[in-house]
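In case you want the letters, here they are:
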Amino acid sequence: MSAAKSRWADEDPEADAIIAQRKREKEEKRRAKAEKQRQLEEASKTSAPTQPVDAGQEANGESGPPKKRRRLSNDPDAPSVVDEVPTSEEVKKQSSLLRFPVGEWGPCRHVDNFERLNHIEEGSYGWVSRAKDITTGEIVALKKLKLENSPDGFPVTGLREIQTLLEARHQNVVYLREVVMGNKMDDVFLVMDFLEHDLKTLLDEMREPFLPSEIKTLLLQVVGGLEFLHSQWIMHRDLKTSNLLMNNRGEIKIADFGMARYYGDPPPKLTQLVVTLWYRSPELLLGADKYGTEIDMWSIGCIFGELLTKEPLLQGKNEVDQVSKIFALTGPPNQQIWPGFRSLPNAKSLRLPQTSGAPAGNPPLLPRSRFPYLTNAGLNLLSTLLALNPASRPTAQQCLAHPYFREDPRPKPKEMFPTFPSKAGMEKRRRHHTPEAPKRGQDAPELDFAGVFGGAPGGDTGETGAGFSLRLG
Amino acid sequence: MAQTNAGLKHLSNALATPDQLSNSSSSLDGVPSELETSIRCAGAQLTQAAGVLLHLSQDIISQAIVIFTRFWLGADGGSLRIYSAKDVSAASLYLTAKLSFQPTSPRSILNVYNLLLSQDASPLWFVNPRGAPTQPPTPDSYVLSEGGYQTGRLVLLRVESVILRTLGFDTHVALPHTIALTYLQTLGVSRPAVSRRVLEHLNAALLSPQLLYVTHQPNALAVAAIYLATREEGVKLVDGEWWEVFDVDREELGFLVVGMRSTEGFMRRETEVWKNKAIPMEIDEVDAEVERRRMMDEGE
């Protein structure tokens, strides 16, 4: 701040005048107070002999004159306690005011400052490669944004990705270092910290799933990062294991903000075409146009399940199949567990089986048989995350406080995590079978869920859930 | 501590460096600094007027003006002899609206700018020095042709990219308006006249030649506007240095108060100086004005 002070110091006569005036006022106040103090002392001297006679009377008699004098001294709020304040205030002067982090802006650097090493993957919004910063030698991930065929100029998704990443500085969110540009107008690259793994590839490569203690550490980090995002009014809208990056120090970071955006209160109009199908929540599938951070919590539930079994939890072939897979796992919705789901646009065509007695609990517990090694607390957490009714799902904050994370086995310290060979760091190309995130600009599909509980057009209805039968009543 | 600082990003802005304030790309290209100030201020007013006609909220408009202001600063910034102020104004507004909850289309933007920059139909004093037309203007003085739209759109989108690159894609702008209202509540001031005056000061400060929004954090702007507004409305605030509660020191407050108060005088002088002529909003007009001033200087 001292620099700023000197910057303005000599070109500011009026401010000086204000300050001088303030000083004068303060001086006057101080004199008035000294005067008052003197008068008080005098008063107490004169009244001293009467002190033992009558305390009540004395108090009345005492407080009268100084009060009047106080008014005269043009100092409205000065009970004698306040006399201490100026001194303590002066001491406090030195105490520092909160200084805001001061950023700067400057033009983008050129991508030639980086040497490309190898290709990592192609996501829905760009190509990612591993690169080396030529000046510092640091290894970074370089993500090229896809900008072609954008009739409205710079795509809003890319802008939001940059904007949210720049604002979401958290140890569990991938760090965007800078944005660099290429030779052409639509060559834009994001420079991010390089992480060795993504969780999807890692799970594919592993022989055994993570240990329960490791799952807790991973989940705590992901939900911790998500809690921060939500606290900054950012929805991620595409959480899935391939968007969770991990390094060899057991740290996990949320990446790919291509779908992320700010939300508000009241919520703005939002597109339903978000979240990769397997991680998409039932309210989105049923066509809700008002939704909130609960959709991210559903995805967290899917990720949790995937960490437990090493396999994506709900691998629907299309929207209809996805809905039937969800209901097969959770049981069908009803008015008790999800009031109002009937009014969602795509729920009209949904013909539900006549359920005899819904499973107990609200939300009902998922079938234990699917997760045999999970503790009761764990199953409880998973069941609430995968609650059909968005209002029943915990917030990220509530999730972090869940007893599951406090019972044995405790989360494994990050430093104790095993390390794995990095696919991204080598020349190997990987392909995985997660469907792609929905493309922006597509129309929301007109969905007919008539087949969800019937001779499903998507086929593969053989897998029955534990709670109910798929036969039409 | 890192956590709290991260949370503060929402309330703070990137500020111009002393270097960016003392050098501008335009001045390196020979644009006199008073002319640059005049054009920048007129551009801010143009952005404000366009935002109002587009029914955008003042949030978006204010952010657009800050982006517009940042664009011209520093040797790496934009030059008035390379980019037209009107195009940068339009692209700033388009870009800011796109990121907001109220996006708008290139066509709406171009229609509005076409009207505001029409020498016959514009109500803006620095475009149409004769003042707002009393008769309804003829449509062909402000209706955008299809060809005009197509070329205008290309320019709009190109300048949008240029702005993003010049600012390193940092589009974050924190505004003092809501902060000021929160502070007013904290101070127990509930009189609507004060709140209105605070917002007036904050919006006027967007036009300040001292570039208050790119040199001071929003909390300081908010405090200064409250200080002025309560003075003007005769509302007494708590005794003591209440601004320190809001992390503003007296020196900064004094500077801002002076800056905000001087904006009105600056605007009056501007209307006086540019009484009978339009402020150049396009490259060739700027070139002509620079040339004219050079001739005048040489003549004398």
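Residues numbered from 1 in each chain as written. Chains lettered and ligands numbered in written order. Predicted model: local features only at pLDDT ≥ 70, side-chain atom pairs only at ≥ 80, totals over all residues.

*Asks:* Let's hear about the overall build of chain B: which residues, and what values?
*Replies:* A tally of regular secondary structure across chain B gives 14 helices and zero strands. Beginning at the N terminus, the succession of helices and strands in chain B can be written as α-α-α-α-α-α-α-α-α-α-α-α-α-α. For 300 residues, the compact-globule formula gives about 19 Å, and the C-alpha radius of gyration of chain B, at 20 Å, lands near that figure. Dimensions along the principal axes, computed over C-alpha positions, put chain B at roughly 60 × 50 × 45 Å. Burial status across chain B gives 47% buried among its 300 residues. The long-range share in chain B, meaning contacts at least 24 apart out of those at least 6 apart in sequence, stands at 79%. (Helix = DSSP H or I, 4+ residues; strand = E, 2+ residues; numbered from the N terminus. Rg over C-alpha atoms; globule rule 2.2 N^0.38 Å. Buried ≥ 20, exposed ≤ 12 C-beta atoms within 10 Å, placed from the backbone. Contact = placed C-beta atoms within 7 Å.)

*Asks:* An account of the overall build of chain A is needed here, citing residue identities and associated values.
*Replies:* The number of helices and strands found in chain A is 12 helices and 11 strands. The 473 residues of chain A split such that 36% are buried. Looking at chain A alone, contacts between residues at least 24 apart form 70% of all its contacts between residues at least 6 apart.

*Asks:* Run through unusual backbone geometry, naming residues and quoting values.
*Replies:* Cis geometry is adopted by the peptide bond preceding Pro409(A), which originates at Asp408(A) and carries an omega value of -5°. Residue placement: Pro409(A) occurs in the segment after helix H12 (396–400). A positive phi is found at Asp247(B), a non-glycine position, where the angle reads about 65°. With respect to the helices and strands, the residue Asp247(B) is situated in the loop between helix H12 (218–233) and helix H13 (250–273). Since 16 C-beta atoms lie within 10 Å of it, Asp247(B) is described here as partly exposed.

*Asks:* Quick rundown of the confidence of the model for chain B? Include the residues and the values.
*Replies:* Per-residue confidence for chain B gives a mean pLDDT of 91; residues scoring 70 or more make up 97%. In the model output, the complex is listed with pTM 0.79 alongside ipTM 0.88. (pLDDT = per-residue confidence, 0-100.)

*Asks:* Which residues make up the pairing of strand S5 (residues 176–181) of chain A, and what are the values?
*Replies:* Regular strands place their side chains on alternate faces of the sheet. Residue and element names in this part refer to chain A. Alignment of strand S1 (residues 109–110) against S5, held across two bridges, turns out to be parallel. If you follow His110 over to S5, its bridge partner there is Met181. Here S5 folds back onto strand S6 (residues 188–193) in antiparallel fashion, the turn holding six residues. (Pairing = 2+ DSSP bridges.)

*Asks:* Quick rundown of the domain arrangement of chain A? Include the residues and the values.
*Replies:* Reports often express the size of an interface as the amount of accessible area lost when the parts come together. Residue and element names in this part refer to chain A. According to the domain assignment, chain A contains domain 1 (116–193) and domain 2 (198–453). A straight line from the C-alpha centre of domain 1 to that of domain 2 covers 25 Å. If you look at the interface, domain 1 gives 19 residues, while domain 2 gives 26 residues. At the level of secondary structure, the elements contributing two or more residues to the side of domain 1 that touches domain 2 comprise strand S2 (114–123) and helix H5 (156–167). Among the elements that take part in the side of domain 1 that touches domain 2, H5 stands out by supplying six residues, more than any other. Residues of the side of domain 1 that touches domain 2, tallied by class, amount to six nonpolar, eight polar and five charged. (Domains from an automatic or database assignment. Nonpolar A, V, L, I, M, F, W, Y, C, P; charged D, E, K, R; others polar.)

*Asks:* For the nonpolar core, give the residues involved together with the corresponding values.
*Replies:* Membership of the largest hydrophobic core comes to 184 residues, with the highest contact counts inside it found for Val222(A), Leu116(B), Leu221(B), Val223(B), Ala224(B), Ala225(B) and Ile226(B). Sequence-distant contacts of Leu116(B), that is, excluding residues within four places in its chain, are made with Leu46(B), Ala49(B), Ala50(B), Ser122(B), Leu124(B) and Val127(B). (Core = buried A, V, L, I, M, F, W, Y, C linked by C-beta atoms within 7 Å.)

*Asks:* With reference to specific residues and values, describe the interface of chain A and chain B.
*Replies:* Between chain A and chain B, the residue contacts involve 39 residues of the former and 39 residues of the latter. When contributions to the side of chain A that touches chain B are tallied by element, the ones reaching two or more residues are helix H1 (2–9), helix H2 (13–47), H5 and S5 of chain A. With seven residues, the top contributor of residues to the side of chain A that touches chain B is H5(A).

*Asks:* Give a detailed account of the environment of Ala121(B), specifying residues and quantitative values.
*Replies:* Residues and elements named next belong to chain B. For Ala121, the position within the fold is in the loop between helix H7 (106–116) and helix H8 (146–166). For the pair Ala121 and Pro137, spaced 16 residues apart in sequence, the C-alpha separation works out to 5.5 Å. Leaving out residues up to four positions away in the same chain, Ala121 has contacts with Leu115, Pro133, Pro137, Ser141 and Tyr142.

*Asks:* Which residues make up the domain arrangement of chain B, and what are the values?
*Replies:* On domain assignment, one finds that chain B holds domain 1 (24–173 + 275–292) and domain 2 (177–270). At the junction of the two partners, domain 1 of chain B supplies 12 residues and domain 2 of chain B supplies eight residues.

*Asks:* Lay out the sheet that holds strand S7 (residues 197–198) of chain A in plain terms, naming residues and giving numbers.
*Replies:* Residues and elements named next belong to chain A. Taken together, the three strands give an open sheet; going across it, the order is S7-S9-S10, and neighbouring strands pair in antiparallel fashion. The open sheet has two edge strands, S7 and strand S10 (252–254), and neither has a second partner. Bridge analysis of S7 against strand S9 (residues 244–246) gives two bridges, and the strand direction is antiparallel. Counted as the bridge partner of Asp198 is Leu245 from S9. This element, helix H7 (residues 212–231), spans S9 and S10 of the sheet and lies at about 30° to S10. (Axes fitted to C-alpha atoms, helices over the stretch in contact; angles between N-to-C directions.)

*Asks:* Can you explain helix H9 (residues 177–186) of chain B? Please cite residues and give values.
*Replies:* Residues and elements named next belong to chain B. The set of residues buried in H9 consists of Ile179, Ala180, Tyr183 and Leu184. On an axial view of H9, the arc spanned by its buried residues comes to 140°, and they lie on one face. Looking at the buried side of H9, the elements it contacts are helix H10 (192–205) and H12. Once H9 ends, the next one or two residues include Gly188, with phi positive near 75°. (Arc of directions from axis to C-beta.)

*Asks:* Would you mind going over the environment of Gly153(A) in detail, with residue names and values included?
*Replies:* Within the secondary structure, Gly153(A) sits in the loop between strand S4 (139–145) and H5. Expressed as a C-alpha distance, the spacing of Gly153(A) and Asp186(A), which sit 33 residues apart in the sequence, is 9.8 Å. Ignoring sequence-local partners within four residues, the contact set of Gly153(A) consists of Leu157(B) and Glu160(B).

*Asks:* So what's going on with the packing of H7(A) against helix H9 (residues 294–309) of chain A? Residues and values would help.
*Replies:* Residues and elements named next belong to chain A. Two elements in contact, H7 and H9, have axes whose closest approach is 11 Å; the angle formed by their N-to-C orientations is 165°. By the angle between their axes, H7 is roughly antiparallel relative to H9. For the crossing formed where H7 meets H9, the hand is right-handed. Residues Ile215, Leu218, Leu219, Val222, Val223 and Leu226 of H7 touch H9, and the partners they reach there are Asp296, Ile300, Ile303, Phe304, Leu307 and Leu308. Residue composition of the contact of H7 with H9, grouped by class: 11 nonpolar, no polar and one charged. (Parallel < 35°, antiparallel > 145°, perpendicular 65-115°, else oblique. Left-handed = near helix turned anticlockwise from the far one by under 90°.)

*Asks:* Tell me what's going on with the pairing of S4(A), and back it up with residues and numbers.
*Replies:* All names here are of chain A. Buried residues dominate S4, accounting for five of its seven residues. Pairing between S4 and S6: five bridges, direction antiparallel. Directly across from Lys143, in S6, lies its bridge partner Leu190.

*Asks:* Now, about the environment of Trp243(B): what can you tell me, with residues and values included?
*Replies:* Residues and elements named next belong to chain B. Mapped onto the secondary structure, Trp243 falls in the loop between H12 and H13. Note on Trp243: 22 C-beta atoms within 10 Å, which makes it buried. A sequence separation of 17 residues divides Trp243 from Ile226, and the C-alpha atoms of the two residues are 9.7 Å apart. Each residue touching Trp243, except ones within four places of it in the same chain, is listed here: Val223, Val248 and Leu253.

*Asks:* Which residues make up the confidence of the model for chain A, and what values go with them?
*Replies:* For residues with low pLDDT, the predicted coordinates do not support detailed interpretation. Residue and element names in this part refer to chain A. Per-residue confidence for chain A averages 77 on the pLDDT scale, and 72% of its residues sit at or above 70. The low-confidence segment residues 1–10, where pLDDT is below 50, has four contacts with residues more than four positions distant or belonging to other chains. A low-confidence stretch, residues 48–92 (pLDDT under 50), is modelled with 28 contacts involving residues beyond four sequence positions or located in other chains.

*Asks:* For H13(B), give the residues involved together with the corresponding values.
*Replies:* An α-helical segment advances 3.6 residues per turn. Residues three or four places apart therefore align on the same side. Over its 24 residues, H13(B) runs 34 Å from end to end, which matches the ideal 34 Å to within 8%, given 1.5 Å per residue. Within H13(B), the axis deviates most sharply at Thr263(B), by approximately 30°. (Expected span 1.5 Å × (residues − 1). Bend = angle between axes of the 7 residues up to and from the residue.)

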